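Here are the chains, one letter per residue:
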Amino acid sequence: MENFKIITDSCCDLTPTLVEELDLDVVELSVLINDKVYVNYLDEREISFKDYYELLRNGSLGKTSAPNVFDFTNAMEPYLKEGRDVLYLGFSSGLSATYNSSVIAVEELQEKYPERKIITIDTLCASMGQGLIVYLAAKKKAEGASIEEVAEYVENIKLNIAHWFTVDDLNHLKRGGRVSAVAATFGTILNIKPVLHVDNEGRLVPVEKVRGRKASINGLLKVIKETITDKSVAFISHGDC
């Protein structure tokens, strides 16, 4: 039997097929929209991604909710009971309380299972950037690396995971506190599209402001051309685009 399990959370945005293939366990975040809470299952069993984005387009406000300590305890304890160790690779603490909930759960579980190794890592990553680091960690595990070796590998590469993205609607960034109300208003009027990335503290930061959707996509392509190497691994994702 393998001696440890890799657990992540649904912010990783990996497909259900990849989650199964990589032998992962996933702790789900939730989203509140139109006064109803939906669990963010990666297989879309409660709400499809397309339906969610359609609600946003029609003016509904979506708000995410982090898993709580109980959610992490429920996810980790079955493996600890089996005598297996656990490595959790979490959504950036610069963007969510998810990782902090995992730390509290681990403190409690470590007292109950002192003989087990439970390692949590703040990936400082989000969305498919987090998915990429989880993917690479799972591949390293499949090669026979120990839990300590995989954890060290993740710590060594996490600041080399590059997240580059753009958005079509500045109002969602405004509601999340990423841009000011004034910037969102004038940006919308002037058709300004920001190119953003995730910094070394795991926060979303704008890098460049361009006019028009095509220019923002070209901005992403420019970054890729400047930074990609023959050893790079790239994941591409979208929000119902």
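Structure first, text after, so check above.
Residues numbered from 1 in each chain as written. Predicted model: local features only at pLDDT ≥ 70, side-chain atom pairs only at ≥ 80, totals over all residues. Heavy atoms only, no water.

Considerations on the sheet that holds strand β7 (residues 118–122)
Across the sheet, four strands lie side by side as β2-β1-β6-β7; this open sheet has parallel pairing. The sheet is open, and its two borders are formed by β2 (24–27) and β7, each paired with just one other strand. Strand after strand, the sheet turns through a mean of 25 degrees between neighbouring axes, direction not considered. In this fold helix α5 (residues 127–142) packs onto β1 (4–9), β2 and β6 (85–90), with an angle of close to 175 degrees to the strand it touches most, β1. (Pairing = 2+ DSSP bridges. Helix = DSSP H or I, 4+ residues; strand = E, 2+ residues; numbered from the N terminus. Axes fitted to C-alpha atoms, helices over the stretch in contact; angles between N-to-C directions. Contact = heavy atoms within 4.5 Å.)

Section: the side chain of Q130
Within the fold, Q130 resides in helix α5. Judged by relative accessible area, which is 0%, Q130 ranks as buried. At 3.0 Å, the side chain of Q130 forms a polar contact with the side chain of T8. The contacts of Q130, once residues within four sequence positions are left out, are T8, D9, C11, C12, L89, G90, F91, T123, C125 and H163. (Buried < 20%, exposed > 50% of the residue type's maximum accessible area, 1.4 Å probe, protein only. Polar contact = N/O pair within 3.5 Å; in protein donor to acceptor, adjacent residues only side chain to side chain.)

Re the pattern of salt bridges
Going through the model one piece at a time under the given rule, you end up with 14 salt bridges. Here R45 makes a salt bridge to D43, at a shortest N to O gap of 3.1 Å. Here D43 falls in the partly exposed class, since its relative accessible area comes to 39%. A cluster of three or more residues bridged by salt bridges with shared partners is formed by K50, E54, R57 and D240. (Salt bridge = Lys/Arg side-chain N within 4 Å of Asp/Glu carboxyl O.)

Points about the pairing of strand β10 (residues 204–211)
Two faces belong to every sheet, and in a regular strand the side chains alternate between them. With seven bridges joining them, strand β9 (residues 192–198) and β10 adopt antiparallel strand pairing. Paired with K193 across the bridge in β10 is V210. Counting the residues between successive antiparallel strands, the hairpin from β9 to β10 contains five residues, one of them, G202, with a positive phi of roughly 75 degrees.

Points about the environment of D230
Structurally, D230 can be placed in the segment after α9 (213–227). On the basis of relative accessible area, D230 is assigned to the exposed category, the value being 76%. Residues D230 and Y99, spaced 131 residues apart in sequence, show a C-alpha to C-alpha distance of 33 Å.

Comments concerning the pairing of β6
With six of six residues buried, β6 lies mostly within the body of the structure. Because side chains alternate across β6, one face comprises the buried residues D85, L87 and L89, and the other comprises V86, Y88 and G90, equally buried. Bridge analysis of β1 against β6 gives four bridges, and the strand direction is parallel. Within the sheet, the bridge partner assigned to F4 lies in β6 and is D85.

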